[in-house]
Amino acid sequence: MKKQIAILGSTGSIGTQALQVIEEHPDRYEAYVLTANNRVDELIAQARKFRPEAVVIANETKYAQLKEALADLPIKVYAGEEALCQIVAEKPIDIVLTAMVGYAGLRPTMNAIRAHKAIALANKETLVVAGELINELAGENGTPILPVDSEHSAVFQCLTGEIGNPIEKVILTASGGPFRTCSMEELQHVTKAQALKHPNWDMGAKITIDSASMMNKGFEVIEAKWLFGVRPEQIEVVIHPQSIIHSMVQFEDGAVKAQLGMPDMRLPIQYAFSYPDRLKASFPRLDFAQCTSLTFEQPDIRRFRNLALAYEALHQAGNMPCIVNAANEVVVAAFLRDEISFLGMSDVIEQTMQKVSYIKKPTYEDYVATDLEARAIAKQLIQTP
Ligand code: NAD
Ligand code: MG
């Protein structure tokens, strides 16, 4: 039986690489649902090639175009946020790959968990916003959450065969992004174009900016807490500019296990699909003749304040990470429209953290309200600093 996969965000960086994994293993995997936000032409091309049961376009104004383009095929066509949230529960689906961006991933992920689908989780924002709620829900429904983020996949791979052995430390590696060696003065003037050029990974715009600002690593610290049940002080970040070691785990005897490989997201995507098996893959191999030096540095939270803000949110817990995520989505969108400076992003996030009402044990409704309130405040701060 082929595993049926729903890809939320199939036209993005993770989504298209997931389709390459499916293409490489046609005997094992089938795309059951493909979804996109806006890029209707790509979605049409993917649907014609992979012949899923259904496609969903979040932007309802593109429905007619999508429907018409697929009229000759027996593919169900839906549009809108609600359809996207509902489709994940369809009976034949085995795995839901959450590869959409941002807070929008939360509700479909919750629905997929309730429908007992295995979650291949790329959308880290879901765990940042509501990690506790997601873990409770996954526990109640017996739903596995398999990490796709390369660092967390690395940790997950290091933990194989270690049942019962407590983790002393999770060590997340970070490339340091394009501005790793920039001075504070230089950071004041960096541009969107420079921020969008990541040295090692080709990713969507939002996560590329998050990587440049280190918010991505901050989010990954929060993600690690919920995925691996470790305390904030057990999660360490180390800068490793070559992105060859994808992350590490230190055990109680002092042993450190690492997972290494080329910077290629197809491996963690495939591992989330095939776990606990490993499948033969054609991806490029690591060549130690080429990578002759692996180096490590300490992160600088003075220049990259977002990392400190994320740790602060993790310590405060409650709805604070949700506040940081919402403010971050607003400032990143503004930065991509040249409406805020690179360093200005951290200022707005910090001020939003101080202004939004704090809730210690939020419900789902509280997260929805927090997200709205934080977005409104962050937008206002950008307009009238
Ligand atoms: P991307 O921008 O390349 O693609 C995003 C996809 O989601 C597109 O298909 C888009 O149509 C869809 N989408 C966006 N907003 C949506 C919305 N509101 N509703 C419905 N669909 C929407 O992004 P990406 O780089 O593939 O990242 C996707 C997720 O995976 C993010 O959460 C990111 O943090 C995470 N991630 C990405 C990488 C990577 O290498 N790209 C690595 C680790 C984690
Ligand atoms: Mg990552």
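Note: the structure precedes this text.
Position numbers for residues start from 1 in each chain and track the written sequence from start to end. For naming, the first written chain is A and the first written ligand is 1, with later ones following in the order written. Only residues with pLDDT of at least 70 get local features here, since the model is predicted, and only at 80 or more are side-chain atom pairs given and counted; chain-wide, interface and lining totals rely on the full set of residues. With hydrogens and water set aside, each side-chain value is computed from the structure's full complement of heavy atoms.

Undergrad: What is the right way to read unusual backbone geometry from this model?
TA: Glycine aside, the phi torsion of most residues is negative, and most peptide linkages are trans. Between Y275 and the following residue, P276, the backbone shows a cis peptide bond with an omega angle of 5°. Mapped onto the secondary structure, P276 falls in the loop between α12 (266–274) and α13 (305–316). Of note in the backbone geometry, R51 takes a positive phi value of approximately 50° without being a glycine. For R51, the position within the fold is in the loop between α2 (40–50) and β3 (54–57). Residues other than glycine seldom take positive phi values, yet S243 does so here, at roughly 50°. By definition, any uninterrupted DSSP run of H or I lasting at least four residues is a helix, any uninterrupted run of E lasting at least two residues is a strand, and each is numbered from the N terminus. With respect to the helices and strands, S243 occurs in the loop between β9 (235–239) and β10 (245–251). The buried label goes to any residue with under 20% of its type's maximum accessible area, the exposed label to any with over 50%, and the partly exposed label to all in between, with areas taken from a 1.4 Å probe on protein chains only. With relative accessibility at 6%, the residue S243 sits in the buried group.

Undergrad: Would you mind going over the sheet that holds β3 with me for this structure?
TA: Within a beta sheet, neighbouring strands are joined by backbone hydrogen bonds and run either parallel or antiparallel to one another. When DSSP finds at least two bridges between two strands, those strands are taken to pair. The sheet built from seven strands is open, its strands ordered β4-β3-β2-β1-β5-β6-β7 with parallel pairing. Since the sheet does not close on itself, it has two edges, and those belong to β4 (76–79) and β7 (145–147), each with one partner. Within this sheet the neighbouring strands show an average axis-to-axis angle of 20°, counted without direction. Relative to strand β5 (residues 95–98), strand β1 (residues 3–8) runs parallel, the two sharing four bridges. Of the residues in β5, the one forming a bridge with L8 is T98. The convention used is that axes are lines fitted to C-alpha atoms, helices contributing only their stretch in contact, and that angles between N-to-C directions extend from 0 to 180 degrees.

Undergrad: I tried to follow the pattern of salt bridges on my own but got confused; where do I start?
TA: Should the charged atoms of two oppositely charged side chains come close, the side chains can pair. One speaks of a salt bridge when a side-chain nitrogen belonging to Lys or Arg is within 4 Å of a carboxyl oxygen belonging to Asp or Glu. Overall, the coordinates contain 25 salt bridges when judged by the stated rule. Across the pair D149 and K124 runs a salt bridge, and its minimum N-O distance is 2.8 Å. Within this pair, whereas D149 is found in the loop between β7 and α7 (150–158), its partner K124 is found in helix α6 (residues 124–141), the two being separated by 25 residues in sequence. Relative accessible area serves as the criterion here: at 7%, D149 is assigned to the buried category. Relative accessible area serves as the criterion here: at 4%, K124 is assigned to the buried category. With its nearest N and O atoms 3.3 Å apart, the salt bridge here joins E136 to K361. Here K361 lies in the loop between α15 (342–355) and α16 (364–383) and E136 lies in helix α6, a separation of 225 residues in the sequence.

Undergrad: Honestly, the nonpolar core in this entry has me stumped. Any pointers?
TA: Looking at soluble globular proteins, one finds that nonpolar side chains tend to be buried together. Residues enter a nonpolar core if they are buried and are Ala, Val, Leu, Ile, Met, Phe, Trp, Tyr or Cys, with the set joined through side-chain atoms within 4.5 Å. Judged by nonpolar contacts, the single largest core of 129 residues is most densely connected at V55, L66, L70, L97, F179, F273 and F342. Considering every element that reaches this core, the biggest residue donor is helix α14 (residues 320–336), with 11 residues. What fixes the domain bounds is an automatic or database domain assignment. Counting only domains with at least three residues in this core, you end up with domain 1 (3–147) and domain 2 (152–258 + 282–317). Not counting residues up to four positions away in its chain, the partners in contact with F179 are L187, V190, T191, Q194, A195, A212, R303, F304 and F342. Only heavy atoms matter for contacts: two residues are in contact if any of them lie within 4.5 Å across the pair.

Undergrad: How should I be thinking about the site of ligand 1 in this particular structure?
TA: Around ligand 1 there are 23 residues in total, and T11, S13, N37, E125 and G204 lie nearest to it. Take G204: an N or O atom from its main chain is 2.8 Å from an oxygen atom of ligand 1. The method behind every accessible area is Shrake-Rupley, applied with a 1.4 Å probe, and residues are considered shielded solely by the protein chains displayed. Coverage of ligand 1 by the protein amounts to 89% of the 820 Å² it exposes when considered alone. Elements supplying a minimum of two residues to the shell around ligand 1: α1 (13–24) and α6. Throughout this entry, Asp, Glu, Lys and Arg are counted as charged residues, while Ala, Val, Leu, Ile, Met, Phe, Trp, Tyr, Cys and Pro are counted as nonpolar. The remaining residues, Gly among them, count as polar. Of the residues assigned to the shell around ligand 1, the class counts are 12 nonpolar, eight polar and three charged. Residues lining the shell around ligand 1 come from more than one domain, with at least three contributed by each of domain 1 (3–147) and domain 2 (152–258 + 282–317). A single heavy atom is enough: if one lies within 4 Å of a molecule or strand, its residue is considered near that molecule or strand. Nitrogen and oxygen atoms within 3.5 Å of one another constitute a polar contact, given that in protein one can donate a hydrogen and the other can accept it, and given that sequence-neighbouring residues count only through two side-chain atoms.

Undergrad: Hey, could you run me through the coordination of the magnesium ion (ligand 2) in this one?
TA: Expected angles at a metal are 109.5 degrees for tetrahedral coordination by four donors and either 90 or 180 degrees for octahedral coordination by six donors. Donor atoms (N, O, S) are those found within 2.8 Å of the metal centre, with the cutoff raised to 3.2 Å for Na, K and Ca; water is not part of the atom list, so apparent gaps in a site can occur. Here the magnesium ion (ligand 2) is held by D149 (OD), E151 (OE) and E220 (OE), and the distances to it run 2.1 to 2.2 Å. All donors to the magnesium ion (ligand 2) come from one chain, and their sequence spacing reads D-x1-E-x68-E. E151 matches D149 in its accessibility class, with the two residues each being buried.

Undergrad: What should I look at first to understand the side chain of S247 in this one?
TA: Looking at where S247 falls in the secondary structure, it is placed in strand β10. There is a polar contact of 3.2 Å between the side chain of S247 and the backbone nitrogen of T173. Setting aside residues no more than four positions away along its own chain, S247 makes contact with E151, A154, V155, C158, I171, L172, T173, K257, A258 and Q259.

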